[in-house]
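Geometric and topological summary
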Amino acid sequence: MTEEELQEKVKYVHQARFEAQSLELKAAHEGCPQKLYDTLSSFSNQDGGGTIIFGIDEKNNFSPVGVYDAQDIQKKITAQCLQMEPVVRPVLTMTQMDGKCFVAAEIPAIDISERPCYYRGKGRLKGSYVRVGDSDEHMTDYEIYSYEAFRRKYQDEVRPANRVTPGSLDQNKLNEYLHRLRLGKPNLSQLSDTQIENLMSITKDGSITLWASLLFGLYPQAYYPQLSIIATVVPGLQVGDLGLEEERFLDNERIEGDLAQMLERALQFVRRNIKSKTIINKETGKREDRTEYPMNAVREAILNALVHRDYSIHTEGMPIQIQLFDDRMEIRSPGGLYGRITVDQLGKVQPDTRNPMLASAMEILHLTENRYSGIPIIKKEIANYGLPPAELEDKRGTFIVTFRKKAQTAEATPHASNGTKAANLLDFCKQPRSRAEIADFLGIKTTRYVMQQYIKPLLETNRLHMTLPNQPRSHKQKYISS
């Protein structure tokens, strides 16, 4: 960061009055903050790192107060960086404005193989932090474990399922898999079933492995009841909304069985709970039923969740979730993204595979292609339907795929009937505003009504944006116009 860039950043922050996912503000006009390790850790542990600006007092209306001593604070920042493991190497920039000094510390992201970065004085478990919106929060045990699992290449899918016996497996399905293995892999064709089962990690140390019990088990949920799918239909836009008869869910099902059965039953649940219409195919002239969401895309999203979710002991109590709302469908998979890949790279680069044995077996059984084509198929199918792009999110150990219905046009949104009020609202939100401030501006008492009728339509048409996009329900949430 150059001095000029730092000056522009100080001016912008003072005007906008908010921190961000990659920006932290410290006053430092009376001395260097004593505990920077939480932000040093969280910025180091997130892709892209982050920047700390010293000399802006958030508690005093984001006033540019400057720092007490530019040279001394840089020494003390560096000293605190040396207390981190691995050591943080900040890029420090100093500038002067209106007779005051400001210092920026750019904290680079560390490689995923070295994460988590933590404060040595507290140790790995208590000294590791993650950035959530504009705050630094302790990493969960699972988040710390996930880095270790990647670094050491743990294969939780092949851990022994101690209570599962050979009699708990569907022998017809297992024999079909062994048959296809021999057809496609000549080196296995002369081996016995027992030898193949050991080589392919169907058994380990004399026990059936987890992935084998999930794929070939007669009833896997007898041993792992939460390795299932919870599917619900919510009568509104968020969990907690009630239907006309005060019902919380319009449909609610726990989907169980082996992985192939869960996939099919989940698709059946979605089909019966979404609308379909009959259209005329322009190319063939034939009548076709068209579902609200493209089922090929839905299948890929559910299949990805089943194959690539985390199967460690940390998440075996967490089912996959399918939630249908009035305006969207969300598919939530425990575990988040695995390895170095980021959301932006999905479908473009070959990812690390969390469950290679399971992915390979699903390919052999023709349940998946295992060619990293799931995300491209989803994007193509959604585009062909004319729907908004699928939203892919990686949130603190959960990967979320969101399909949205067609966004309402400006003429169809509730606020558009009063064009003047809508224009005034967008003008009002040129500076970040809270829900209460927006409700007061509109002269409406109920913030929930304002959220449903005004804010959400503007968010969906990208004319309004959240200042804390990763914390949509934060009490600090504000909205700013484009």
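With that settled, consider the packing of aromatic side chains. Enumeration according to the criterion identifies 11 aromatic pairs in this entry. Between Tyr37 and Tyr119, the ring centres sit 4.2 Å apart and the planes meet at 0°, which makes this aromatic pair stacked. With a gap of 82 residues between them, Tyr37 in helix α2 (residues 37–44) and Tyr119 in strand β8 (residues 118–119) connect regions that are remote in the sequence. Accessibility classification places Tyr37 together with Tyr119 in one group, the buried group.

Before going further, it helps to examine the sheet that holds strand β2 (residues 50–54). Spatially, β1-β2-β7-β6 is the arrangement adopted by the four strands of the open sheet, whose pairing is mixed. The strands lining the two open edges of the sheet, one partner per strand, are β1 (23–26) and β6 (91–97). With strand direction ignored, the average angle separating the axes of adjacent strands in the sheet is 20°. With five bridges joining them, β2 and strand β7 (residues 100–107) adopt antiparallel strand pairing. Looking at β7, one finds that Phe54 is bridged to Val103. Against the sheet, α2 touches β1, β2 and β7, its axis set at about 150° to β2.

A few words now on empty space enclosed by the protein. The tally for this structure, following the rule as stated, stands at one cavity of 30 Å³ or more. Considered as a void within the structure, the largest cavity measures approximately 40 Å³ in volume. In terms of lining residues, the largest cavity is bounded by Leu214, Leu227, Ser228, Leu259, Met262, Leu306, Arg309, Tyr311 and Ile320. The residue makeup of the lining of the largest cavity, split by class, is seven nonpolar, one polar and one charged.

In this section: the side chain of Glu157. Position of Glu157 relative to the elements: it lies in the loop between α5 (141–151) and α6 (171–184). The side chain of Glu157 sits in the buried core without any salt bridge; Arg354 is the nearest counter-charge, 9.7 Å away. At 2.8 Å, the side chain of Glu157 forms a polar contact with the backbone nitrogen of Met357. At 2.9 Å, the side chain of Glu157 forms a polar contact with the backbone nitrogen of Leu358.

Moving on, we get to the environment of Ser207. With respect to the helices and strands, the residue Ser207 is situated in strand β12 (residues 207–208). Note on Ser207: relative accessible area 17%, which makes it buried. Separated by 198 residues in sequence, Ser207 and Lys405 place their C-alpha atoms 46 Å apart.

For the rest of this paragraph, the subject is the layout of surface pockets. In this structure, the second largest pocket encloses a volume near 660 Å³. In terms of lining residues, the second largest pocket is bounded by 36 residues, among which Asn304, His308, Leu346, Pro351 and Ile375 are the most central. Per-element accounting of the lining of the second largest pocket gives the leading share, eight residues, to helix α10 (residues 295–308). The residue makeup of the lining of the second largest pocket, split by class, is 19 nonpolar, 10 polar and seven charged.

This part takes up helix α12 (residues 374–384). For α12, the set of buried residues is Gly374, Ile375, Ile378, Glu381 and Ile382. End-on view of α12: buried residues confined to an arc of 135°, all on one side of the axis. Among the exposed residues of α12, those pointing more than 90 degrees away from its buried face are Lys380, Ala383 and Asn384. Contacts made by the buried residues of α12 are with α10, β19 (391–395) and β20 (398–404). Just downstream of α12, Gly386 is the residue with a positive phi angle, here 75°.

With that settled, the discussion passes to the packing of helix α9 (residues 259–273) against α10. One way to put it is that α9 packs onto α10 with a least axis distance of 10 Å and a crossing angle of 140°. The orientation of α9 with respect to α10, classified from their angle, is oblique. As α9 packs across α10, the resulting crossing turns out to be right-handed. Mapping the contact onto sequence places Leu259, Met262, Leu263, Ala266, Leu267, Val270 and Arg271 in α9 and Met295, Val298, Arg299, Ile302, Leu303 and Leu306 in α10.

Okay, the pattern of salt bridges next. Considering all chains together, one arrives at 27 salt bridges under this definition. Of the charged contacts in the structure, one is a salt bridge between Asp47 and Arg115, with a shortest N-O distance of 2.9 Å. Taken as a pair, Asp47 in the loop between α2 and β2 and Arg115 in the loop between β7 and β8 lie far apart in primary sequence, 68 residues in all. The class of Asp47 is exposed, set by a relative accessible area of 53%. Arg404 is paired through a salt bridge with Glu391; the nearest N and O atoms lie 2.5 Å apart. One end of the pair, Arg404, is in strand β20; the other, Glu391, is in strand β19, with 13 residues separating them in the sequence.

A separate point is unusual backbone geometry. Glycine aside, residues mostly have negative phi, and peptide bonds are mostly found in the trans state. The linkage connecting Glu85 with the following residue, Pro86, adopts the cis geometry, with an omega of -5°. Note on placement: Pro86 falls in the loop between β5 (84–85) and β6. The linkage connecting Arg115 with the following residue, Pro116, adopts the cis geometry, with an omega of 5°. Tracing the backbone through its elements, the reader meets Pro116 in the loop between β7 and β8. The phi angle at Arg396 is positive, at roughly 45°, despite the residue not being glycine. For Arg396, the location among the structural elements is in the loop between β19 and β20.

All right, on to the packing of helix α14 (residues 435–442) against helix α15 (residues 447–460) then. Any two packed helices are characterised by the angle at which their axes cross and by the distance between the axes. One can describe the packing of α14 onto α15 by two numbers: an axis separation of 9 Å at closest approach and a directional angle of 80°. By the criterion of interaxial angle, the relationship of α14 to α15 is roughly perpendicular. Packed against α14, whose contacting residues are Arg435, Ala436, Ile438, Ala439 and Leu442, the element α15 presents Thr447, Val450, Met451, Tyr454 and Ile455 at the interface.

The rules behind each value
Residues numbered from 1 in each chain as written. Predicted model: local features only at pLDDT ≥ 70, side-chain atom pairs only at ≥ 80, totals over all residues. Heavy atoms only, no water. Phe/Tyr/Trp six-rings, centres within 6.5 Å; stacked < 30°, edge-to-face > 60°. Helix = DSSP H or I, 4+ residues; strand = E, 2+ residues; numbered from the N terminus. Buried < 20%, exposed > 50% of the residue type's maximum accessible area, 1.4 Å probe, protein only. Pairing = 2+ DSSP bridges. Axes fitted to C-alpha atoms, helices over the stretch in contact; angles between N-to-C directions. Contact = heavy atoms within 4.5 Å. 1 Å grid on protein atoms, 1.4 Å probe; cavity = no way out; pocket = protein on both sides within 12 Å on 5 of 7 lines; lining within 4 Å. Points joined across faces, edges and corners; volume = space filled by probe spheres on them. Nonpolar A, V, L, I, M, F, W, Y, C, P; charged D, E, K, R; others polar. Lys, Arg positive; Asp, Glu negative; His and termini not counted. Salt bridge = Lys/Arg side-chain N within 4 Å of Asp/Glu carboxyl O. Polar contact = N/O pair within 3.5 Å; in protein donor to acceptor, adjacent residues only side chain to side chain. Arc of directions from axis to C-beta. Parallel < 35°, antiparallel > 145°, perpendicular 65-115°, else oblique. Left-handed = near helix turned anticlockwise from the far one by under 90°.

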